[in-house]
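# Structural overview
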Amino acid sequence: MPETPTKYRFSFGPWNISTGADPFGPPARKEVPFAKKLKAYKQLGFDAVQFHDDDIVPADLDWTATQRGVAKVKKILDGEGLFVEIIAPRLWEDPRTVDGAFTANSPAHRRYALDRAKRCVDIARLVGCRNYVLWLAREGTYIREAKDAATAVGRIRDAWNLLLEHDPEIRILGEAKPNEPMDQAYLPTVGHMIGLCYTTCDPARSGVLIESAHSILAGLDPADDMAYALWHQKLWSVHLNDQNGLKYDQDKVFGSVDLRRAFNQVWVLETNGYGRNGECVGLDVKAMRTTTVQDSMLHLAHSKAVFERLVELVRSVDMKKVEALRAARQYEQLEMYILDVLTGRG
Ligand code: 3MF
Ligand code: MG
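What counts and what doesn't
Residues numbered from 1 in each chain as written. Chains lettered and ligands numbered in written order. Predicted model: local features only at pLDDT ≥ 70, side-chain atom pairs only at ≥ 80, totals over all residues. Heavy atoms only, no water. Helix = DSSP H or I, 4+ residues; strand = E, 2+ residues; numbered from the N terminus. Rg over C-alpha atoms; globule rule 2.2 N^0.38 Å. Buried < 20%, exposed > 50% of the residue type's maximum accessible area, 1.4 Å probe, protein only. Contact = heavy atoms within 4.5 Å. Lys, Arg positive; Asp, Glu negative; His and termini not counted. Charge placed at Lys NZ, Arg CZ, Asp CG, Glu CD. Phe/Tyr/Trp six-rings, centres within 6.5 Å; stacked < 30°, edge-to-face > 60°. Lys NZ or Arg CZ within 6 Å of the ring centre and 35° of its normal. Donors = N, O, S within 2.8 Å, 3.2 Å for Na, K, Ca; no water. Tetrahedral: all angles 85-135°; square planar, octahedral: opposite > 155°, others 65-115°. Polar contact = N/O pair within 3.5 Å; in protein donor to acceptor, adjacent residues only side chain to side chain. Near = heavy atom within 4 Å. Areas by Shrake-Rupley, 256 points an atom, 1.4 Å probe, with all protein chains shown as cover. 1 Å grid on protein atoms, 1.4 Å probe; cavity = no way out; pocket = protein on both sides within 12 Å on 5 of 7 lines; lining within 4 Å. Sits in = over half its atoms within 2 Å of the grid points. Points joined across faces, edges and corners; volume = space filled by probe spheres on them. Nonpolar A, V, L, I, M, F, W, Y, C, P; charged D, E, K, R; others polar. Arc of directions from axis to C-beta.

### Quick notes on the overall build of the chain
Scanning the chain for helices and strands turns up twelve helices and ten strands. Its C-alpha atoms give the chain a radius of gyration of 20 Å, within 12% of the compact-globule value 20 Å for 346 residues. With the C-alpha coordinates of the chain rotated into their principal frame, the extents come out at 60 × 45 × 40 Å. Counting the 346 residues in the chain, one finds 52% classified as buried. Of the contacts formed within the chain by residues at least 6 apart in sequence, a portion of 77% connects residues at least 24 apart. Looking at charge distribution, the chain has the averaged site of its 45 positive side-chain charges lying 3 Å from that of its 47 negative ones.

Here's what the structure looks like:
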């Protein structure tokens, strides 16, 4: 357990304030203007912004217009006292990424993906951000026979290397997700991602961002995934949220489905010193479709409040007692002690 308490810094992406549109229905509330979203960060007690490249500037602008656009956003961020925690190329919406980005079967489309990904590195530099996230949304298949899976993994690694070589300052964080939008992703778990990290041209600049729901969708425990990455010193960001079983990606409020599972994530982060090298506690949460526009940021405030309450609970845990129960292998008693902590009787 760290000696002085970690002062956590919090982040989220502007896509977390949304219109409530889903695959079965159009927007259910008005779009909150971009500037208003950025204003909300400090009001909600957040410190940093997570961006996609085209959250900052449209993807098809020439370089001069891009620089101008980025400078405008940077000025707003500076004015708000915010920094950019991560930036990720949105490699899943353009028609040229319909068959994947780095693994598309069309060489021209693979080239588009690489150019766009490199441009995103340049934007990261302009906004002063070192953390470059790759969520490999469409790098997978609907049917096994569509691509050679071994070739595909190699193509992802080659792209990863090109990006590391493009800028010696950035570090790449792979965000694994097993499915959605694809049936099967090529790098479905944190373990796959970390394995790939060690094969890159600079493993020290290759790590992961872990999203709770993505681990759950892979049938894994997010706290254990986090512990695994922390042990490798490769956990550089998180997307905390919750997920009710194996279905579509829900991005529910952190701790809202399984409070004990959330408690365990906070325990692992807190006891392993996460945040002490500047890492942020990132959220990736969605408001319910039924929410009004006035209330469409509550899910962010609530997730942060749950995290902070769980930090307090983790800090209240009597570790001597836990160690004694572990040593005596009294796991029934240990379980009840944790349930006592969670129900306010610890
Ligand atoms: C999808 C995700 C993504 C990533 C984002 C940043 C749109 O399930 O989690 O959100 O988090 O692209 O990498
Ligand atoms: Mg995410």
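On we go.
### Description of the packing of aromatic side chains
For the coordinates displayed, the defined rule picks out nine aromatic pairs. The interplanar angle of 70° and the centroid separation of 4.6 Å between the aromatic rings of Trp92 and Trp135 together place this pair among those described as edge-to-face. Of this pair, Trp92 sits in the loop between strand 3 (83-88) and helix 4 (107-126) while Trp135 sits in strand 4 (residues 131-135), and the two are 43 residues apart along the sequence. For the pair formed by Trp92 and Trp135, the shared burial category is buried. Grouped by ring-pair contacts, the aromatic residues Tyr8, Phe10, Phe12, Tyr41, Phe46, Phe254 and Phe307 constitute a single cluster. In this structure, Arg171 packs its charged tip against the face of Trp236, placed 4.3 Å from the ring centre. Here the basic side chain of Lys234 rests over the ring of Tyr198, its NZ or CZ set 5.1 Å away from the ring centre.

### Looking at the coordination of the magnesium ion (ligand 2)
The coordination sphere of the magnesium ion (ligand 2) contains the protein donors Glu175 (OE), Glu211 (OE), His239 (ND1) and Asp284 (OD), at a distance range of 1.9 to 2.2 Å. Taken together, the six donor atoms coordinating the magnesium ion (ligand 2) and their angles of 76 to 168° define a geometry best described as octahedral. We note that the donor set of the magnesium ion (ligand 2) lies within a single chain, spaced as E-x35-E-x27-H-x44-D. Of this pair, Glu175 sits in strand 6 (residues 171-175) while His239 is found in strand 9 (residues 235-240), placing the two residues 64 residues apart along the sequence. Accessibility assignment for this pair places Glu175 and His239 in one class, buried.

### Thoughts on the environment of Arg90
Along the chain, Arg90 falls in the loop between strand 3 and helix 4. Look at Arg90 and you get buried, because its relative accessible area is 12%. For the pair Arg90 and Thr6, spaced 84 residues apart in sequence, the C-alpha to C-alpha distance is 32 Å. With sequence-adjacent residues up to four places away left out, Arg90 is seen in contact with His52, Asp53, Asp54, Asp55 and Arg116. Side-chain polar atoms of Arg90 contact the side chain of Asp54, separated by 2.7 Å.

### Some words on the site of ligand 1
Among the 13 residues in the neighbourhood of ligand 1, the closest are listed as His52, Glu175, Glu211, His239 and Asp249. At 2.9 Å, a side-chain N or O of Glu211 approaches an oxygen atom of ligand 1. Within the contact set of ligand 1, an oxygen atom lies 3.0 Å away from a side-chain nitrogen or oxygen of His214. In isolation ligand 1 has 340 Å² of accessible area, and contact with the protein removes 91% of it. Cavity membership is defined here by more than half of the atoms lying within 2 Å of grid points; on that basis ligand 1 lies in the largest pocket.

### Some thoughts on the side chain of Asp53
Locating Asp53 in the fold gives a position in helix 2 (residues 53-56). At 3.1 Å, the side chain of Asp53 and the backbone nitrogen of Arg90 are in polar contact. Among residues more than four places away in sequence, those in contact with Asp53 are Ile87, Ala88, Pro89, Arg90, Arg116, Cys120 and Ile123.

### Some details on the layout of surface pockets
Space inside the largest pocket adds up to approximately 1,600 Å³. When residues of the lining of the largest pocket are traced back to their parent elements, those giving at least two are strand 3, strand 4 and helix 10 (298-316). Residue contributions to the lining of the largest pocket peak at three residues, all from helix 10. The residue makeup of the lining of the largest pocket, split by class, is 18 nonpolar, twelve polar and 18 charged.

### Thoughts on empty space enclosed by the protein
Overall, the coordinates contain three cavities of 30 Å³ or more when judged by the stated rule. When its volume is computed, the largest cavity comes out at roughly 90 Å³. Along its surface, the largest cavity is lined by 15 residues, and Trp135, Leu136, Lys177, Ala185 and Leu187 are the ones closest to its centre. Residues that form the lining of the largest cavity fall into these classes: ten nonpolar, one polar and four charged.

### Side note on helix 6 (residues 190-197)
Within the span of helix 6, buried status applies to Val190, Met193, Ile194, Leu196 and Cys197. What you see down the axis of helix 6 is that its buried residues fit within an arc of 160°, all on one side. Where the residues of helix 6 are buried, they touch helix 5 (149-166), strand 6, strand 8 (206-211), helix 7 (212-217) and helix 8 (222-231).

### Concerning the environment of Gly13
Inspection of the secondary structure puts Gly13 in the loop between strand 1 (10-12) and helix 1 (34-43). Between the C-alpha atoms of Gly13 and Val49, which are 36 residues apart in sequence, the distance is 5.7 Å. Beyond its immediate chain neighbours, meaning those up to four positions away, Gly13 contacts Tyr41 and Gln50.

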